[in-house]
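The primary structure of each chain is shown beneath.
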Amino acid sequence: MRNPLRSEAEAFRFLVAVIIGALVIVGAAYLNTWLGVAAAILAVAGIIWWLIQEPIPGAADPAPKLASGTGRGVHRVLVVALPGTESVQVRADATDVVVVVPALASTVQALTGAVDDRRAEAEETANRLAAHIPNARGEVGADDPGLAVEDALRTFGADEIVVSGDDSLVAAVRGRVTIPVSRA
Amino acid sequence: MAAISHADHLEHEHPPEPHFSSRVNPSLLGMFLFIASEIMLFGAFFTAYFFVRVVNGTPWPTPPFHLPVYVAFINTLILVTSSGTIHWALHSIKHGNVFGMRAGLLLTFLMGLTFLITQGIEYSRIGFNTGDGAFATIFFCLTGLHGAHVFVGLTILLFMTIRAFRGHFTPEDHRGVELAGIYWHFVDVMWIVVYMTVYIL
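Here the structure is a predicted model, which means the values were calculated and not measured. Within any chain, residue numbers begin from 1 and follow the written order of that chain's sequence. To read the labels, note that chains go from A and ligands from 1, taken in the order they are written. Thresholds applied to this predicted model are a pLDDT of at least 70 for local features of residues and 80 or more for the giving and counting of side-chain atom pairs; totals over whole chains, interfaces and linings are not thresholded and use all residues. Only hydrogens and water are set aside when side-chain values are computed; all heavy atoms of the structure are taken into account.

Participant: Any chance you could explain the packing of helix α3 (residues 69-94) of chain B against helix α6 (residues 175-200) of chain B here in plain terms?
Facilitator: Each pair of packed helices gets described by two things: the angle between the helix axes and the distance between those axes. All names here are of chain B. Lines fitted to C-alpha atoms define the axes here, with helix axes fitted over just the stretch in contact, and angles between the N-to-C directions of these axes take values from 0 to 180 degrees. The numbering of helices and of strands both runs from the N terminus, where a helix is a DSSP run of H or I of at least 4 residues and a strand a run of E of at least 2. Contact geometry for α3 and α6: axes closest at 10 Å, N-to-C directions at 160 degrees. The angle between α3 and α6 places the two elements in the roughly antiparallel class. Handedness of the crossing formed by α3 with α6: left-handed. Residues Val 69, Ala 72, Phe 73, Thr 76, Leu 79, Val 80, Ser 82, Ser 83, Ile 86, Leu 90 and Lys 94 of α3 touch α6, and the partners they reach there are Val 177, Glu 178, Ala 180, Gly 181, Trp 184, His 185, Asp 188, Trp 191, Ile 192, Tyr 195 and Tyr 199. Its residues assigned to classes, the contact of α3 with α6 shows 14 nonpolar, five polar and three charged. Should an angle lie under 35 degrees it is considered roughly parallel, over 145 roughly antiparallel, and from 65 to 115 roughly perpendicular; all remaining angles are considered oblique. Handedness of each helix crossing follows the sense of rotation of the near helix against the far helix: counterclockwise by less than a right angle gives left-handed, clockwise gives right-handed. Contacts: residue pairs with any heavy atoms within 4.5 Å of one another. All residues other than Ala, Val, Leu, Ile, Met, Phe, Trp, Tyr, Cys, Pro, Asp, Glu, Lys and Arg, Gly among them, are scored as polar; the first ten of these are nonpolar and the last four charged.

Here it is as structure tokens:
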């Protein structure tokens, strides 16, 4: 749904829509009270429909490209693994590794905040995988793998991303970053 | 070499950017919460209006009182026009027209002030007070609540106008005008609803 107060221009358009709706309601009510009630229902429904069906500005834009790099002798690897992953192979010369496991949750769970079990499961996987990789630490990520990668890159400048998952997951991560992405 | 290493070090040791992982953008969530709180606030008074007028069947306005519909209509035109001027102000600064922004903000402030003064004069001459029955109470609550919002909007506009005349806004950086505009349009939307329900219908 489009936020009618997202910007001044949006708010101005919303104001114009409300004025038109008010004129329709007053005009209909002048003719007949129940016609006015019907016009009010239609006007409110029309404005809500307009807000819902209008595309959100920028929603169709390609995802932002994030990039990072490190100096000589340093190779940072970001590992993305789904909860329950048994093992992940990382190149031997990695000097710093972060294993991020997204706390996958359903829409209802995410919206209601009932993600404790999902986060515990992700944390267990992250710590277990990190324990078997030199110079690694585990982190719990957002409920969306792509978002978890973006969040991790904000504090961890990785040179490479290793994804443990299916092709769609690898493609989703590749679509968000410019650094090399490989499949574990 | 040492300088390069130091630069690399600095590149990776910058403070982390704001971190959020919610599916809802924080600023969007904040605006939704703001709208929700305002809807509940005005909704409470509109509920009282509904019960007084529809459920109880109280005549609106209760005889022998009359509402100054035409004065309020002129006031409505002033407020709607002021939304146009602040829209012009923002459009101007986006295109580098500083004079247009200053003139737009000043006109918006003056029209908002005119609206508030006119409403004050209307109150003083309307012939009834808050204690003259449920109709009068609801009338003053709804229009007064909106007047309070106009006062807040005027305060914001005053600061933005002063800042505009001190050269604070540029085509790239004018968030203050943008936010003042959003608030002012919201106040205008609420007045359209109040005017329609209280004065006309």
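Participant: I'm lost on the layout of surface pockets in this one. Help?
Facilitator: The gaps left among the atoms become clear once a water-sized probe is rolled over them. With a 1 Å grid laid over protein atoms only, a set of points is called a cavity when a 1.4 Å probe fits there but cannot get out and a pocket when it is open yet has protein on both sides within 12 Å along at least five of seven lines; lining residues have an atom within 4 Å of a point. Grid points are joined across faces, edges and corners, and a volume is the space filled by probe spheres set on the points. Here the largest pocket is characterised by a volume of approximately 1300 Å³. Lining the largest pocket are 36 residues, and of these Ile25(A), Val44(A), Val193(B), Met196(B) and Thr197(B) lie nearest its centre. Taken together, the elements giving at least two residues each to the lining of the largest pocket come down to α1 (8-31) and α2 (33-53) of chain A together with α2 (26-55) and α6 of chain B. Of all the elements, α2(B) adds the most residues to the lining of the largest pocket, at eleven residues. Split by residue class, the lining of the largest pocket holds 29 nonpolar, five polar and two charged.

Participant: Looking at this model, I keep getting lost on helix α5 (residues 133-165) of chain B. Mind explaining?
Facilitator: Given 3.6 residues per helical turn, the α-helix brings residues three or four places apart onto the same face. Look at α5(B): 47 Å from first C-alpha to last across 33 residues, which is about the 48 Å you get at 1.5 Å a residue. Positioned one or two residues after α5(B), Gly167(B) has a phi angle of 80 degrees, which is positive. In this analysis, the expected span of each helix is defined as 1.5 Å times one less than the number of residues it contains.

Participant: Would you mind going over a nonpolar patch on the surface with me for this structure?
Facilitator: Residue and element names in this part refer to chain B. Two distance rules govern patches: like charges are joined within 9 Å, and nonpolar side chains (Val, Leu, Ile, Met, Phe, Trp, Tyr) within 5 Å, applied only to residues with over 30% relative accessible area and no salt bridge. Here, Shrake-Rupley sampling with a 1.4 Å probe gives the accessible areas, and only protein chains in the shown set may cover a residue. Every case where a carboxyl oxygen of Asp or Glu lies within 4 Å of a side-chain nitrogen of Lys or Arg is listed as a salt bridge. Residues Leu 106, Leu 110, Leu 113, Ile 117, Ile 121 and Phe 165 make up a contiguous nonpolar surface patch of roughly 500 Å² in combined accessible area. Ranked by residues supplied to the nonpolar patch, first place goes to helix α4 (residues 98-125) with five residues. Structurally, Leu 113 is set in helix α4.

Participant: Looking at this structure, how should I read the confidence of the model for chain B?
Facilitator: Low-pLDDT stretches of the model should not have their predicted coordinates read in fine detail. Residues and elements named next belong to chain B. A residue's pLDDT is simply how confident the predictor is in it, with values from 0 to 100. Considering every residue of chain B, the mean pLDDT works out to 85; 84% of them sit at 70 or more. Taking the mean pLDDT of every element in chain B, the minimum, 46, falls on helix α1 (residues 2-12) and the maximum, 95, on α4. Counting interchain partners and residues more than four positions distant, the pLDDT-below-50 stretch residues 1-11 has three contacts. Contacts from residues 13-23, a stretch scored under 50 in pLDDT, to residues over four places away or in other chains number 17 contacts. Predicted complex, confidence summary: ipTM 0.80, pTM 0.66.

Participant: Can you help me understand the sheet that holds strand β4 (residues 160-164) of chain A in this one?
Facilitator: Paired through backbone hydrogen bonds, the strands of a sheet run either parallel or antiparallel to each other. Residues and elements named next belong to chain A. For two strands to count as paired, DSSP must find a minimum of two bridges between them. Across the sheet, which stays open at both edges, the five strands sit in the order β3-β2-β1-β4-β5 with parallel pairing between neighbours. Of all the strands in the sheet, the pair left with one neighbour each is β3 (136-141) and β5 (181-183). Recorded for the sheet is a direction-independent mean angle of 25 degrees between the axes of neighbouring strands. Running over the sheet, helix α4 (residues 116-131) touches β1 (76-81), β2 (96-102) and β3 and is turned about 165 degrees from β3. The strands touched by helix α5 (residues 145-155) within the sheet are β1, β2, β3 and β4, with β1 carrying the most contacts at an inclination of about 155 degrees.

Participant: Mind showing me how you'd approach the environment of Ala122(A) here?
Facilitator: Among the structural elements, Ala122(A) can be located in helix α4. Apart from the residues within four sequence positions on either side, Ala122(A) is in contact with Val101(A), Pro102(A), Ala103(A) and Val140(A).

Participant: How should I be thinking about α4(A) in this particular structure?
Facilitator: Residue and element names in this part refer to chain A. Helix length check: α4 (16 residues) gives 22 Å between terminal C-alpha atoms against 22 Å at 1.5 Å per residue, within 8%. Burial classification: accessible surface area is computed with a 1.4 Å probe over protein chains only, and a residue below 20% of its type maximum counts as buried, one above 50% as exposed, and the rest as partly exposed. Ala 122, Thr 125, Ala 126, Leu 129 and Ala 130 are the residues of α4 that are buried. Along the axis of α4, the buried residues cluster in a sector spanning 125 degrees; they form a single face. α4 presents Asp 116, Asp 117 and Ala 131 as exposed residues on the side facing more than 90 degrees away from its buried surface. On its buried face, α4 is in contact with β1, β2 and β3. Each direction from the helix axis to a C-beta atom contributes to the arc, which is the arc of those directions.

Participant: How do you make sense of the nonpolar core when you look at a structure like this?
Facilitator: One broad rule of soluble globular proteins: the nonpolar side chains tend to lie buried together. For the purposes of this section, nonpolar cores are sets of buried Ala, Val, Leu, Ile, Met, Phe, Trp, Tyr and Cys residues that join through side-chain atoms within 4.5 Å. In terms of nonpolar packing, the biggest core is built from 48 residues, with Trp60(B), Leu67(B), Leu105(B), Phe128(B), Phe139(B), Val198(B) and Tyr199(B) touching the most fellow members. Elements supplying a minimum of two residues to this core: α2, α3, α4, α5 and α6 of chain B. Residue contributions to this core peak at 13 residues, all from α6(B). When residues no more than four places from it in sequence are discounted, the contact partners of Leu105(B) are Ile86(B), Ala89(B), Leu157(B), Met160(B), Thr161(B), Ala164(B) and Val177(B). Membership of the second largest hydrophobic core comes to 18 residues, among which are Ala148(A), Leu153(A), Ala158(A) and Ile161(A).

Participant: Help me out: how do you make sense of the pairing of β2(A) in this one?
Facilitator: It is a general feature of regular strands that their side chains alternate between the two faces of the sheet. Residues and elements named next belong to chain A. With six of seven residues buried, β2 is to be regarded as a mostly interior element. Inspection of the sheet shows β1 paired to β2 by five bridges, in the parallel sense. Along β2, the bridge assignment pairs Val 80 with Val 100. Two elements, β2 and β3, share six bridges in a ladder whose sense is parallel. Bridge pairing in β3 places Pro 102 opposite Gly 141.

Participant: I keep staring at the pattern of salt bridges and nothing clicks. Help me out?
Facilitator: Opposite charge on two side chains allows them to pair when their charged atoms are near. All names here are of chain A. One pass over the structure, following the stated rule, counts ten salt bridges over all chains. Residue Arg 154 pairs with Asp 151 through a salt bridge whose shortest N-O separation is 3.0 Å. Of this pair, Arg 154 and Asp 151 both sit in helix α5, three residues apart, roughly one helical turn. The class of Arg 154 is partly exposed, set by a relative accessible area of 24%. Residue Arg 183 is joined to Asp 167 by a salt bridge in which the shortest nitrogen-to-oxygen separation is 2.4 Å. Here Arg 183, found in strand β5, pairs with Asp 167, found in helix α6 (residues 167-174); they are 16 residues apart in sequence, far enough to count as distant. Residue Arg 183 is classed as partly exposed on the basis of its relative accessible area, which comes to 47%. You can call Asp 167 exposed: its relative accessible area is 53%.

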